[in-house]
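Listed here are the chains, written in short residue letters.
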Amino acid sequence: MTHMTDNTILTPIEIVRTLDNCYPGSRAVLDSITESLNPKLRENLRPQRYGNDTLRLIEINTAMSFYDDFHCKTNYIIADESLKLRRSDYYEALLAMYSEEEIDQEGLFLRPRYQIGPLSKRTGLIYATIVFEKSFSFLPEKEQKRVMSEYFLTVVDRIAQRKKNLDYDFKLLMSDFKRTLDWWIES
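J.: Is there a simple way to think about the overall build of the protein in this case?
T.: Scanning the protein from N- to C-terminus turns up five helices and nine strands. Walking the protein from its N terminus toward its C terminus, one meets helices and strands in the order β-β-β-α-β-β-β-α-α-β-β-β-α-α. Relative to the 2.2 N^0.38 estimate, which gives 16 Å for 187 residues, the radius of gyration of the protein is 17 Å and therefore close to what a compact globule would have. Along the three orthogonal principal directions, the C-alpha set of the protein runs to about 55 × 35 × 30 Å. Expressed as a percentage of its 187 residues, the buried residues of the protein come to 44%. Accessible surface, the protein: about 10,300 Å² in total, of which carbon and sulfur atoms supply 50%. Positive and negative charge centroids in the protein, built from 26 and 29 side chains respectively, lie 7 Å apart.

Right, dumping it as structure tokens:
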């Protein structure tokens, strides 16, 4: 879901749900991203302040653990980044932590916290995904917002480190983004 109108990006950062499913404890936080945070990002983050059109949009997707019923559940286990696992290694690493029965019964999936794609030179888009484990949804709402905000900032910082040769003011973007996230946490 990109928000382009006649090749114009409304904001350089947008937060998107990958699926609408989540544990009930995260519903209000996800709704506030759509209803409060993204409109405030469109208001506060102005693409022309940060640089050229090479980087037009960082789309941050939220992948939430969920349990809809016995047959429809996904509970993420966050992979240790230092292990440098390949996608093909996830299940084997999960089996080292849990039995097959536990994996099936609980709908467990091992994933990295952050997945950041390349910058598309054609569109100027970077897609990133942040994975949230089950326990996240049991935190108080304000704490969920605080933790999410830290993760959002980490993604943009990692992109800034990767793309430091771009003619783009990531420092100003991060400052404006952090100020908007601080507002969202308190709202």
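Moving on from the model shown.
J.: What exactly am I supposed to notice about the sheet that holds strand S7 (residues 108-111) here?
T.: The strands making up a sheet associate through hydrogen bonds between their backbones, and the pairing can be parallel or antiparallel. Sheet architecture is open: three strands sit in the order S5-S6-S7, paired in mixed fashion. Of all the strands in the sheet, just strand S5 (66-69) and S7 have a single pairing partner and so form its edges. Strand-to-strand twist in this sheet, taken as the mean axis angle between neighbours without regard to direction, amounts to 30°. As paired elements, S5 and strand S6 (residues 72-78) share three bridges and run antiparallel to each other.

J.: I tried to follow the pattern of salt bridges on my own but got confused; where do I start?
T.: Any two side chains of opposite charge can pair if their charged atoms end up close together. Counting across every chain of the model gives 15 salt bridges. Here Arg17 and Asp20 are joined by a salt bridge, their closest N and O atoms 2.2 Å apart. Overall, Arg17 belongs to the partly exposed group, its relative accessible area being 22%. The partly exposed category is assigned to Asp20, whose relative accessible area is 44%. Connected through salt bridges with shared partners, the residues Arg17, Asp20, Arg27 and Asp31 form a single ionic network.

J.: Looking at this model, I keep getting lost on the environment of Glu102. Mind explaining?
T.: Here Glu102 lies in helix H3 (residues 100-106). For Glu102, a relative accessible area of 37% translates into the label partly exposed. In this structure, Glu102 is in contact with Gly107 and Leu108, ignoring residues within four places of it in sequence. At 2.8 Å, the side chain of Glu102 and the backbone nitrogen of Ser99 are in polar contact.

J.: So what exactly am I meant to see when it comes to the pairing of S6 here?
T.: Each regular strand carries side chains that alternate between the two faces of the sheet. With respect to burial, S6 is a largely interior element, five of its seven residues being buried. Pairing geometry for S6 and S7, over four bridges, is parallel. Across the sheet, the residue bridging to Ile78 is Arg111, located in S7.

J.: In this structure, what is going on with the packing of helix H1 (residues 27-44) against helix H5 (residues 170-186)? I would like to understand it.
T.: How two helices pack is summed up by the angle between their axes together with the distance between the axes. In the contact formed by H1 and H5, the axes pass within 10 Å of each other and the chain directions differ by 140°. When the axes of H1 and H5 are compared, the pair comes out oblique. The interaxial crossing formed by H1 with H5 has right-handed handedness. Contact residues: H1 offers Val29, Ser32, Ile33, Ser36, Leu37, Lys40, Leu41 and Asn44, while H5 offers Asp176, Phe177, Thr180, Leu181, Trp183 and Trp184. Residue classes in the contact of H1 with H5 are distributed as eight nonpolar, four polar and two charged.

J.: Explain the state of the cysteines to me, please; I cannot follow it from the model alone.
T.: Where two cysteines share a covalent bond between their sulfur atoms, that bond is called a disulfide. Counted under the stated rule, the structure contains zero disulfides. Of the cysteine sulfurs around Cys22, a residue in no disulfide, the closest is that of Cys72, at 12 Å. Of the residues examined, Cys22 reaches a relative accessible area of 7% and is grouped as buried.

Calculation notes
- Each chain has its residues counted from 1, following the order in which its sequence is written.
- Where totals are concerned, whole chains, interfaces and linings use all residues; where local detail is concerned, this predicted model gives features only for residues with pLDDT of at least 70, and gives and counts side-chain atom pairs only at 80 or more.
- Side-chain metrics rest on all non-hydrogen atoms present in the structure, leaving aside hydrogens and water.
- A run of H or I in DSSP counts as a helix once it spans at least four residues, and a run of E counts as a strand once it spans at least two, with each numbered from the N terminus.
- Based on C-alpha atoms, the radius of gyration is set beside the globule rule, defined as 2.2 Å times the residue count to the power 0.38.
- Three labels apply to residues, based on accessible area from a 1.4 Å probe with only protein chains included: buried if under 20% of the type maximum, exposed if over 50%, partly exposed otherwise in between.
- Method for areas: the Shrake-Rupley scheme with a 1.4 Å probe, in which residue coverage is limited to the protein chains shown.
- His is not counted, nor are the chain ends; Lys and Arg add positive charge and Asp and Glu add negative charge.
- Charged side chains are reduced to one point each, which is NZ for Lys, CZ for Arg, CG for Asp and CD for Glu.
- Pairs of strands are assigned from DSSP output, requiring at least two bridges between the strands.
- Simply put, an axis is a line fit to the C-alpha atoms, just over the touching stretch for a helix, and the angle between two N-to-C directions goes from 0 to 180 degrees.
- Note on definitions: salt bridges are taken to be side-chain nitrogens of Lys or Arg within 4 Å of carboxyl oxygens of Asp or Glu.
- In this analysis, two residues are considered to be in contact whenever any of their non-hydrogen atoms come within 4.5 Å of each other.
- What qualifies as a polar contact is a pair of N or O atoms within 3.5 Å, subject to a donor-acceptor requirement within protein and to the restriction that residues adjacent in sequence count only when both atoms come from side chains.
- Note on terminology: angles under 35 degrees are roughly parallel, angles over 145 are roughly antiparallel, angles of 65 to 115 are roughly perpendicular, and the others are oblique.
- Each crossing gets its hand from how the near helix is turned against the far one by less than a right angle, where anticlockwise is left-handed and clockwise is right-handed.
- Think of it as three bins: nonpolar holds Ala, Val, Leu, Ile, Met, Phe, Trp, Tyr, Cys and Pro, charged holds Asp, Glu, Lys and Arg, and polar takes everything else, Gly as well.
- Cysteine sulfur atoms that come within 2.5 Å of each other are treated as a disulfide pair.

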